[in-house]
Amino acid sequence: MQNNPVPRSSYDVVVIGAGPAGAISAALLKSAGLDVAVFERTRFPRFVIGESLLPICNDVLKEAGLFERVKAQGYQVKTGAVFLRGDEVCEYDFSEQFTDGSTWTWQVPRAEFDEVLIEGVVERGVPVFFEHSVTDVEVGAAPLVTVEDAAGDQTEIHCKFVVDASGYGRVLPRLLDLDRPSAQANRRSLFTHVKGDQRPPGPDSGRIWIIVHEAGAWLWIIPFSDGRTSVGVVAQPEFYDAFPDDPEACLRAVIKSDPNAAGRLADAELQFEPVSIESYSVGIKQLFGDGYCVVGNATEFLDPVFSSGVSLAMRSASRASDVIIRQLNGNDVDWQTEYSDFMARGIDTFRTFVNAWYDETLHRIFFAPEINPNLKRMICSALAGYVWDTDNPFVGSHERKLSQLVRIIEASEGT
Ligand SMILES: Cc1cc2nc3c(=O)[nH]c(=O)nc-3n(C[C@H](O)[C@H](O)[C@H](O)COP(=O)(O)OP(=O)(O)OC[C@H]3O[C@@H](n4cnc5c(N)ncnc54)[C@H](O)[C@@H]3O)c2cc1C
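The structure displayed is predicted, hence computed values, not measured ones.

**Q** It is not clear to me how the pattern of salt bridges should be interpreted in this structure. Could you clarify?
**A** Close approach of charged atoms lets side chains of opposite charge pair. For the structure on display, the rule yields 23 salt bridges. A salt bridge links Glu123 to Arg69, with the nearest nitrogen and oxygen atoms 3.2 Å apart. Separated by 54 residues along the polypeptide, Glu123 in helix α4 (residues 110-123) and Arg69 in helix α3 (residues 67-71) bring together distant segments of the chain. Its relative accessible area of 22% is what places Arg69 among the partly exposed residues. Residue Glu338 is joined to Arg326 by a salt bridge in which the shortest nitrogen-to-oxygen separation is 2.2 Å. Taken together, the positions of Glu338 in helix α9 (residues 335-358) and Arg326 in helix α8 (residues 309-328) put the pair 12 residues apart, joining distant regions of the chain. You can call Arg326 partly exposed: its relative accessible area is 24%. What emerges from the salt-bridge pattern is a single network uniting Arg46, Arg110 and Asp114.

Okay, here's the thing in structure tokens:
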């Protein structure tokens, strides 16, 4: 994608990073009449992991005016997810929800998806400077941002506000010492794209599989509409000791060791050498300060299991944009309650679900012989990303309701 104008010396808002959080921020800020520019370290399209969206993403895409653009791409529609453990199966269907929200979304190759989003932002007249790395930021009442282009030339840019949407780049958390260790255990993921996935026949062919591996790992299988499938494994580092060191041999051996994965991926052709990422969970001390806020993955990243990353990235971008617009229009805003506390409520719900997945509370619920359909609808809405609907007991009292449900299941099973 080519769009490299020369940066001016000042803008209202500088956005760091052109991933989903950056694109949503830029689209919304521009719609409100602000003079916004995006600086992106790489050249798009670029690979990034995080391909399974949640229905709440549709709502944010509509709010930012980017929904129809994404819809036109014909991505694989995601109607729910299938959880498997040996021969046990549990299906969540987003059409059966407690919250009145979107009932489906997409599974997207991120290189293409992110480019589609940012092209929509460029079309609205936002300058996006690719191969421009933000190397320094002086925050405060009148922030100063230093960017370096591919030739190593530096430019200083004045602005009224900086939005850090730099994802794993964590620009402001690093510069301002905002990183906080995550309470999540250290985990490593190994993933690639494949061709030749023997998908189930009929309407289930495009459904995401989340497979519980008997040795304490889990695998994802995410079919795309172009015939490729994303395949990955997540586990604590010790899990991999039982498998070869070589990434391809390792991933193939992990697949072979699980009957569900082996059943459809035995003859898959890898499209690139599996990528390994470790220690990706990270926390943050604060989400905003004088003249800046942090959105998307640059804030806190929990875990991939419930595909919350892009949803939280987009939701944080939309929420922060709303506060910025009001602040720059001269209104009083309260970043703590309007942004930080709001985001913390959603993230905490996902955290409870992630913890319950790894301590296997959720396995007991998912693979229970029977579960009350009303309770399942409530869980489904949390899994769809509606983690701010406090009318949903599994959001409003997430920890208590999950423990209560497990106790009911155990009592009915006599354990
Ligand atoms: C193993 C794994 C699997 C995952 N699976 C899922 C999933 O299925 N679904 C899901 O929703 N999420 C998933 N995620 C999370 C997902 O990857 C992220 O949540 C998502 O990409 C966050 O989007 P973002 O816009 O915040 O950041 P990004 O998409 O990372 O974009 C940030 C951008 O900032 C740019 N940048 C960085 N530093 C600088 C700089 N100094 N100057 C300028 N630009 C800079 C980067 O080049 C990048 O383009 C997964 C994560 C992992 C680790």
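**Q** Teacher, can you tell me more about the side chain of His193 here?
**A** The topology assignment puts His193 in strand β12 (residues 188-195). In this structure the side chain of His193 is engaged in a polar contact, spanning 2.6 Å, whose partner is the side chain of Glu51. Sequence-distant contacts of His193, that is, excluding residues within four places in its chain, are made with Phe47, Glu51, Phe224, Arg228, Thr229, Ser230, Glu269, Leu270, Gln271 and Phe272.

**Q** Explanation requested: the pairing of strand β5 (residues 88-93) in the structure shown.
**A** In summary, the side chains of a regular strand alternate between the two faces of the sheet. In the sheet, strand β4 (residues 80-85) pairs with β5 via 6 bridges, with the strands oriented antiparallel. The residue of β5 that forms the bridge with Leu84 is Val89. Between β4 and β5, which pair antiparallel one after the other, the connecting turn spans 2 residues, and Gly86 there sits at a positive phi close to 55°.

**Q** It is not clear to me how the domain arrangement of the protein chain should be interpreted in this structure. Could you clarify?
**A** You'll often see interface size given as the accessible area lost when the parts meet. Structurally, the protein chain comprises domain 1 (10-76 + 107-181 + 281-345), domain 2 (188-278) and domain 3 (358-413). Taken together, the contact pairs 14 residues of domain 1 with 16 residues of domain 2. Across the domain 1/domain 2 interface, buried area totals approximately 1,200 Å², and carbon plus sulfur atoms make up 66% of it. The interface formed by domain 1 and domain 2 contains 1 salt bridge. Between Arg228 and Glu112 there is a salt bridge whose closest N-O contact spans 3.2 Å. The interface formed by domain 1 and domain 2 includes 6 residue pairs in polar contact (both at pLDDT 80 or more). In terms of residue class, the side of domain 1 that touches domain 2 is built from 7 nonpolar, 4 polar and 3 charged.

**Q** So what exactly am I meant to see when it comes to the pairing of strand β8 (residues 132-138) here?
**A** Here 6 bridges tie β8 to strand β9 (residues 144-149), and the two strands are oriented antiparallel to one another. Across the sheet, the residue bridging to Val134 is Val147, located in β9. Counting the residues in the hairpin turn of β8 and β9 gives 5 residues, including Gly140, whose phi is positive at 135°.

**Q** Looking at this model, I keep getting lost on the site of the ligand. Mind explaining?
**A** Within the structure, the ligand sits among 36 residues, and Glu40, Ile49, Tyr168, Asn297 and Val310 are positioned closest to it. At 2.9 Å from an oxygen atom of the ligand is found a main-chain nitrogen or oxygen belonging to Ala21. Ser52 has a polar backbone atom sitting 2.8 Å from a nitrogen atom of the ligand. Alone, the ligand offers 1,000 Å² of accessible surface; in the complex the protein occludes 97% of this. Elements that contribute at least two residues to the shell around the ligand include exactly α1 (20-31), β8 and α8. Across the shell around the ligand, the residue classes tally to 16 nonpolar, 15 polar and 5 charged.

**Q** Whenever I open this one, the side chain of Asn260 confuses me. Can you help?
**A** Mapped onto the fold, Asn260 is located in helix α7 (residues 259-265). In terms of polar contacts, Asn260 uses its side chain to reach the backbone carbonyl oxygen of Gly86, at 2.9 Å. Apart from the residues lying within four places of it in its own chain, the contact partners of Asn260 are Leu84, Arg85, Gly86, Trp209 and Ile211.

**Q** Just to check I follow, could you spell out unusual backbone geometry for this structure?
**A** Of all residues except glycine, most have a negative phi; of all peptide bonds, most are trans. Cis geometry marks the peptide bond from Phe44 to Pro45, where omega comes out at 0°. Here Pro45 shows up in the loop between β2 (36-39) and α2 (56-63). Phi is positive for Ser307, close to 55°, though the residue is something other than glycine. Inspection of the secondary structure puts Ser307 in the loop between β20 (292-294) and α8. Judged by relative accessible area, Ser307 falls into the buried class, the value being 16%.

About the thresholds
Residues numbered from 1 in each chain as written. Predicted model: local features only at pLDDT ≥ 70, side-chain atom pairs only at ≥ 80, totals over all residues. Heavy atoms only, no water. Salt bridge = Lys/Arg side-chain N within 4 Å of Asp/Glu carboxyl O. Helix = DSSP H or I, 4+ residues; strand = E, 2+ residues; numbered from the N terminus. Buried < 20%, exposed > 50% of the residue type's maximum accessible area, 1.4 Å probe, protein only. Polar contact = N/O pair within 3.5 Å; in protein donor to acceptor, adjacent residues only side chain to side chain. Contact = heavy atoms within 4.5 Å. Pairing = 2+ DSSP bridges. Domains from an automatic or database assignment. Buried area = accessible area lost by both parts, 1.4 Å probe. Nonpolar A, V, L, I, M, F, W, Y, C, P; charged D, E, K, R; others polar. Near = heavy atom within 4 Å. Areas by Shrake-Rupley, 256 points an atom, 1.4 Å probe, with all protein chains shown as cover.

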